[in-house]
There are 2 protein chains.
Amino acid sequence: MARRTPPQSASRGKDHLVEELHAALVTDDPQRAALLDAILKVVVDHGLGPESPPVEIMQLLGDKWSSLILTLLGTGPFRPSELRRVVNLISRLGNSTPISQRVLTVKLRSYERLGFIQRTAWPTMPPRTDYRLTPLGRDLVNTIAGIVDWSLSHKDEITAAIHAYDHAGAD
Amino acid sequence: MARRTPPQSASRGKDHLVEELHAALVTDDPQRAALLDAILKVVVDHGLGPESPPVEIMQLLGDKWSSLILTLLGTGPFRPSELRRVVNLISRLGNSTPISQRVLTVKLRSYERLGFIQRTAWPTMPPRTDYRLTPLGRDLVNTIAGIVDWSLSHKDEITAAIHAYDHAGAD
DNA sequence: CCGAATCCGACGGGATACTG
DNA sequence: CAGTATCCCGTCGGATTCGG
């Protein structure tokens, strides 16, 4: 873990890998080389590997429920039981299985941890809680909407591609 | 599938559920009710449940490698071995584990099935193959870039939120 | 009503060996 | 080099139960 810094320079390992990256590609196309350089710069400076923030966020959102939950929260605060009812009614609309209480709680916790939503609890009896988007979360929901819209507007195209692919062997 | 919407009979079940949706929410705020209606319309017409196209695409992209692979393919065609080398070098940059050949193949297949990339194979010996984005795939990559950029530009904020959350009990 | 704890099945993804 | 088949393990998500 806490190893001494290598004798020569702090980013020696990185530099070396970047050189390897260039060597690993046979690019006779200078334009593409420039593109790759741009991407590598992003990758090296900010990270896009399997444990980088973008991938972790994609993983968080890439589950069964997050798109729906966050989109719903975009309309305003929800109490957990409300949220669960609505989510499950929508699930039924698509003939899908409902979300369990446990999973809903886990999801909400993880959003809260990343600062996307804020949890408010009143110490009454019975207890009352609500969840609402933070400004950061609202921003995220807008970004998600980009993919949601894209998916919806291209779904026929994608469906056609799937159909073509699945029938390719049977021609 | 894409049937006309008769006012009464065919979508009776749906209508019923939509009514339930309204009943499930205690909204004294008319503005929010309008927002919810808008979302419900999208949800009901196009689907946003757990098995809808948007969620399935989010799930496809929400794995360990897709963001990186598709971003790289955005620079031009790759041979599998090239792609794997580059991906793994980048993984090492982030001190992550490499991608296995099997998983890379599985991922590429799934992208191909949805029409995001095109596979070209020459029946030579040794074999040669390459993968390149389709127009649809290029469009998708641009959309992904939206989330990637968002993640990168907010990562400090998110990191701070995580830190605050994890220390909340220890104040 | 909110949510934590426990048990369990399903699936993603890694290592390895093998074919063309 | 490209791809498949097998095996294995860790994690995710669902059902249920219990506590505040």
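Everything numeric here is computed off the predicted structure, so don't read it as measured data. In this numbering scheme, every chain counts its residues from 1 along its sequence in written order. Chains carry letters from A onward and ligands carry numbers from 1 onward, assigned in written order. Local features in a predicted model are, by the rule used here, given only for residues with pLDDT of at least 70; side-chain atom pairs are given and counted only at 80 or more, and totals for whole chains, interfaces and linings are based on all residues. No hydrogens and no water enter the side-chain calculation; it runs on all heavy atoms of the structure.

A. The arrangement of the overall build of chain A in detail. Here a helix means four or more residues in a row that DSSP labels H or I, a strand means two or more in a row labelled E, and each is numbered from the N terminus. Of the regular secondary structure elements, chain A holds seven helices and two strands. When the helices and strands of chain A are listed from N to C terminus, the series reads α-α-α-α-α-α-β-β-α. The cut-offs for exposure are 20% and 50% of the maximum accessible area for each residue type, with area from a 1.4 Å probe on protein chains only; residues under the lower value are buried, those over the upper are exposed, and the others partly exposed. Taking all 171 residues of chain A together, 43% fall into the buried category. For chain A, restricting intrachain contacts to residue pairs at least 6 apart in sequence, the fraction spanning at least 24 positions comes to 41%. When checking whether two residues touch, look at their non-hydrogen atoms; a contact exists if any pair is within 4.5 Å.

B. Representation of the protein's contact with DNA strand D. Nearness of a residue to a molecule or strand requires only that one of the residue's heavy atoms be within 4 Å of it. If you check the shell around DNA strand D, you find 18 residues, and the closest are Arg 102 and Lys 107 of chain A together with Ser 81, Gln 101 and Arg 119 of chain B. Taken together, the sugar and phosphate atoms account for 60% of what DNA strand D places within 4 Å of the protein. Residues adjacent in sequence count toward polar contacts only when both atoms are side-chain atoms; beyond that, a polar contact is any pair of N or O atoms within 3.5 Å, and within protein one must be able to donate a hydrogen and the other to accept it. Arg 79 of chain B has a polar side-chain atom sitting 3.3 Å from a phosphate oxygen of DNA strand D. Ser 81 of chain B places a side-chain nitrogen or oxygen 2.7 Å from a phosphate oxygen of DNA strand D. Mapped onto the surface near DNA strand D, the elements with two or more residues apiece are helix H6 (101-113) of chain A together with helix H5 (80-93), helix H6 (101-113) and strand E2 (128-133) of chain B.

C. Local environment of the relation of the copies chain B and chain A. Least squares is the method used to superpose the copies, on C-alpha atoms of residues holding a pLDDT of at least 70 in both. Once chain B is rotated about the relating axis by 180° and shifted along it by 0.0 Å, it coincides with chain A to within an RMSD of 0.1 Å. The two molecules are tied by a two-fold rotation axis, judged by turn and shift. Across chain B, the rotation axis passes nearest the C-alpha of Gly 62 of chain B, at a separation of 2.0 Å. Mapped onto chain A, 99% of the interface residues of chain B are again interface residues, and the two copies thus contact each other with one and the same surface.

D. Examining the packing of aromatic side chains more closely. Aromatic contacts are taken between Phe, Tyr and Trp rings whose centres are within 6.5 Å, Trp giving its six-membered ring; a plane angle under 30 degrees counts as stacked, one over 60 as edge-to-face, and the others as tilted. Enumeration according to the criterion identifies two aromatic pairs over all chains in this entry. For a ring to carry a charge above it, either NZ of a lysine or CZ of an arginine must fall within 6 Å of the ring centroid while also lying within 35 degrees of the normal to the ring plane. Against the face of Trp 122 of chain A rests Arg 128 of chain A, its NZ or CZ located 5.9 Å from the ring centre.

E. Here's a closer look at the packing of helix H7 (residues 135-166) of chain A against H6 of chain B. Geometry is summarised by axes, namely lines fitted to C-alpha atoms with helices restricted to the contacting stretch, and by angles between N-to-C directions that run from 0 to 180 degrees. Taken N-terminus to C-terminus, the directions of H7 of chain A and H6 of chain B make an angle of 115°; their axes are 8 Å apart at the nearest point. Residues Ala 161, Ile 162, Tyr 165 and Asp 166 of chain A of H7 of chain A form the contact with H6 of chain B, whose own contacting residues are Arg 109, Glu 112 and Arg 113 of chain B. Classifying every residue of the contact of H7 of chain A with H6 of chain B by side-chain character gives three nonpolar, no polar and four charged. Here the term charged refers only to Asp, Glu, Lys and Arg, the term nonpolar to Ala, Val, Leu, Ile, Met, Phe, Trp, Tyr, Cys and Pro, and the term polar to all other amino acids, Gly among them.

F. The packing of H7 of chain A against helix H7 (residues 135-166) of chain B, seen in detail. Relative to each other, H7 of chain A and H7 of chain B sit at 170°, their axes nearing to 11 Å. Of the possible angle classes, the one that applies to H7 of chain A and H7 of chain B is roughly antiparallel. Here Leu 136, Asp 139, Leu 140, Thr 143, Gly 146, Ile 147, Trp 150, His 154, Glu 157 and Ile 158 of chain A of H7 of chain A lie close against H7 of chain B, whose contacting residues are Leu 136, Asp 139, Leu 140, Thr 143, Gly 146, Ile 147, Trp 150, His 154, Glu 157 and Ile 158 of chain B. Per-class residue counts for the contact of H7 of chain A with H7 of chain B are 10 nonpolar, six polar and four charged. Here the word oblique covers every angle except those under 35 degrees (roughly parallel), over 145 (roughly antiparallel) and from 65 to 115 (roughly perpendicular).

G. Expanded view of the UniProt feature "domain: HTH hxlR-type" (unreviewed entry) in chain A. According to UniProt, the feature "domain: HTH hxlR-type" (unreviewed entry) maps to residues 52-159 of chain A in the numbering used here. As annotated, residues 52-159 of chain A comprises 64% helix and 11% strand, and the C-alpha atoms at either end are separated by 31 Å. UniProt positions are given in the numbering used here, feature names are shortened, and annotations may be inferred rather than shown by experiment.

H. The pattern of salt bridges, seen in detail. Any carboxyl oxygen of Asp or Glu within 4 Å of a side-chain nitrogen of Lys or Arg constitutes a salt bridge here. Scanning all chains against the criterion turns up eight salt bridges over all chains. When the shortest N-O distance is used, the salt bridge between Arg 109 of chain A and Glu 112 of chain A registers 3.8 Å. You can see Arg 109 of chain A and its partner Glu 112 of chain A sitting in helix H6, three residues apart, about one turn around the helix. Here Asp 63 of chain B ties to Lys 107 of chain B by a salt bridge, and the two come within 2.8 Å at their closest N and O atoms. In this pair, Asp 63 of chain B is assigned in the loop between helix H3 (53-61) and helix H4 (66-73) and Lys 107 of chain B in helix H6, connecting sequence segments 44 residues apart. For the pair Asp 63 of chain B and Lys 107 of chain B, one class covers both residues: buried.

I. Broad picture of the protein's contact with DNA strand C. Near DNA strand C, the surroundings consist of 21 residues, among which Ser 81, Gln 101, Arg 109 and Arg 119 of chain A together with Lys 107 of chain B are the closest. Separating a base oxygen of DNA strand C from a side-chain N or O atom of Arg 102 of chain A is a distance of 3.2 Å. Arg 119 of chain A is positioned such that a nitrogen or oxygen atom in its side chain is 2.3 Å from a phosphate oxygen of DNA strand C. When residues of the surface near DNA strand C are traced back to their parent elements, those giving at least two are helix H5 (80-93), H6 and strand E2 (128-133) of chain A together with H6 of chain B. Here the residues of the surface near DNA strand C sort into eight nonpolar, five polar and eight charged.

J. Structural detail: unusual backbone geometry. Residues and elements named next belong to chain A. Here the amide bond leading from Met 125 into Pro 126 is cis, since omega sits at 0°, within 30 degrees of zero. The backbone of Asn 95 shows a phi angle near 55°, a positive value even though the residue is not glycine. Along the chain, Asn 95 turns up in the loop between H5 and H6.

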